[in-house]
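What the coordinates show
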Amino acid sequence: MPLQEQAKTMRTITVEEHYATPAFMEGPGRSLKERAQGPETRMRGVPELLCDLDERRITNMDTAGIDVQVLSLTAPGTEQLDAAESITRAREINDFLAQAVSRHPDRLAGFATLPTPVPEAAADELERAVQTYGFKGALINGHVRGRYLDDPFFWPILARAEALHVPLYLHPTQPPQAVVAASYTGNFAPGIASALANASWGWHIETAIHVLRMVLSGAFDRYPDLQLIIGHLGEGLPFMMPRLELTLPQQLTTLERPIGAYLRENLHYSFSGFNFLPPFLDLFLEVGVNRILFSADYPYASMTQARSFLDQLPVSPADREQIAHGNAERLLKL
């Protein structure tokens, strides 16, 4: 089938698309409103787009040629809240999303928000969201006040996700403040330091380290069927995979499999605004087409640009279909 005809008929599912509730934007997400009023032009209008889960969002999807968005609460999520507030907010947020999905069941799906600081409650909320609302998994925004998912404290969440056969999406968050101070504060302006610690570099390295901590802790040996999703074409891990395999052999790690096996068998990787061909090709060569998921990172990035990038990838029609929808259908049962 010619590329133009395939583009007209190909189903598209994007898996890292964000939303917020009005209450969240007035609480934990209020910094987003402040950023939208600052010098970052890409943030203009973002708070309004985050909170629109109806006509404007659906219209933007239609314009870009996106059939389904899998929605997740925008960062900073609930991970930095205290225990009681995280439980209350997660439940309210999931109820809000469920109502939106029920209004547009053919266009929207959901990842649950979890009270991650309280792992047993988080596991129960994941089960409620999956079994009651049909959510497709959950998204976790990085560390929890400096604690990572390699800590057995959080493993009830991993266990429940595996038992429910749903993935966890590990989304970036700012590194702990001590890391920011040590590694991202230097002989440059505070605004540059903030960008470096976040979307320019720190987010991605932070998430890659988080994944490696999980692997090296044996979490995937304990929960071998657990699936993790990360964005941004792998947060730098595909580029480093051969080096990791060379320098972290099984004799050293004592894991059940080589480190590359976990990165190829327990992880999926999405675009999320990284519409860059060289890192895509590296990911494609290292992990294979069956582990790559389409996403746009809306409303922080353009759905139209993401769709154009997908349509122009130098891959076969069958591979394009896998990336556009087939892998998401299999993983998320869409």
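Look up: the structure comes first, before these words.
For every chain, the first residue of the written sequence is number 1, and numbering continues from 1 onward in sequence order. Confidence filtering applies because this is a predicted model: local features only for residues at pLDDT of at least 70, side-chain atom pairs given and counted only at 80 or more, and all residues used for totals across whole chains, interfaces and linings. Here the side-chain values reflect all heavy atoms present in the structure, with hydrogen atoms and water set aside.

1. Quick word on helix H18 (residues 317–332)
Secondary structure is summarised from DSSP: a helix means a run of H or I of at least four residues, a strand means a run of E of at least two, and numbering begins at the N terminus for each. Multiply 1.5 Å by the residue count of a helix minus one, and that product is the helix's expected span. The first and last C-alpha atoms of H18 sit 22 Å apart over 16 residues, in line with the 22 Å expected at 1.5 Å per residue. The term bend refers to the angle at a residue between two fitted axes, each drawn through seven residues, those ending there and those starting there. The principal kink in H18, of about 55°, is found at Ile-323. Remark: exposure states derive from per-residue accessible area (1.4 Å probe, protein chains only) relative to the maximum for the residue type, with buried under 20%, exposed over 50%, and partly exposed in between. Along H18, the positions that sit buried rather than exposed are Asp-319, Arg-320, Ile-323, Ala-324, His-325, Gly-326, Asn-327, Ala-328, Leu-331 and Leu-332. Just beyond H18, the residue with positive phi is Lys-333, at close to 60°.

2. With respect to the sheet that holds strand E3 (residues 108–110)
One open sheet accounts for three strands, arranged E1-E2-E3; its pairing is parallel. On the outer flanks of this sheet lie strand E1 (13–19) and E3, each paired with one strand and no other. Averaged over all neighbouring strand pairs, the angle between strand axes comes to 35°, with direction disregarded. As paired elements, strand E2 (residues 68–73) and E3 share three bridges and run parallel to each other. Directly across from Leu-71, in E3, lies its bridge partner Gly-110. Together, E1, E2 and E3 form the strand contacts of helix H5 (residues 55–64), whose direction differs from that of E2 by roughly 135°. The contact criterion used throughout is that any non-hydrogen atoms of two residues lie within 4.5 Å. Axis angles are defined between N-to-C directions and span 0 to 180 degrees, where every axis is a line fitted to C-alpha atoms and, for a helix, only to the segment in contact. Here helix H6 (residues 83–103) sits on the sheet and contacts E1, E2 and E3; the angle it forms with E3, its principal contact strand, is near 155°. Two strands are counted as paired when DSSP detects at least two bridges linking them.

3. A look at the sheet that holds strand E4 (residues 112–113)
Taking strand neighbours across the sheet as the criterion, the six strands line up as E4-E5-E6-E7-E8-E9 in an open arrangement whose pairing is parallel. Only two strands of the sheet have a single partner each, and these edge strands are E4 and strand E9 (292–293). In terms of strand pairing, strand E7 (residues 228–230) meets strand E8 (residues 267–270) through three bridges, oriented parallel. Across the sheet, the residue bridging to Ile-229 is His-268, located in E8.

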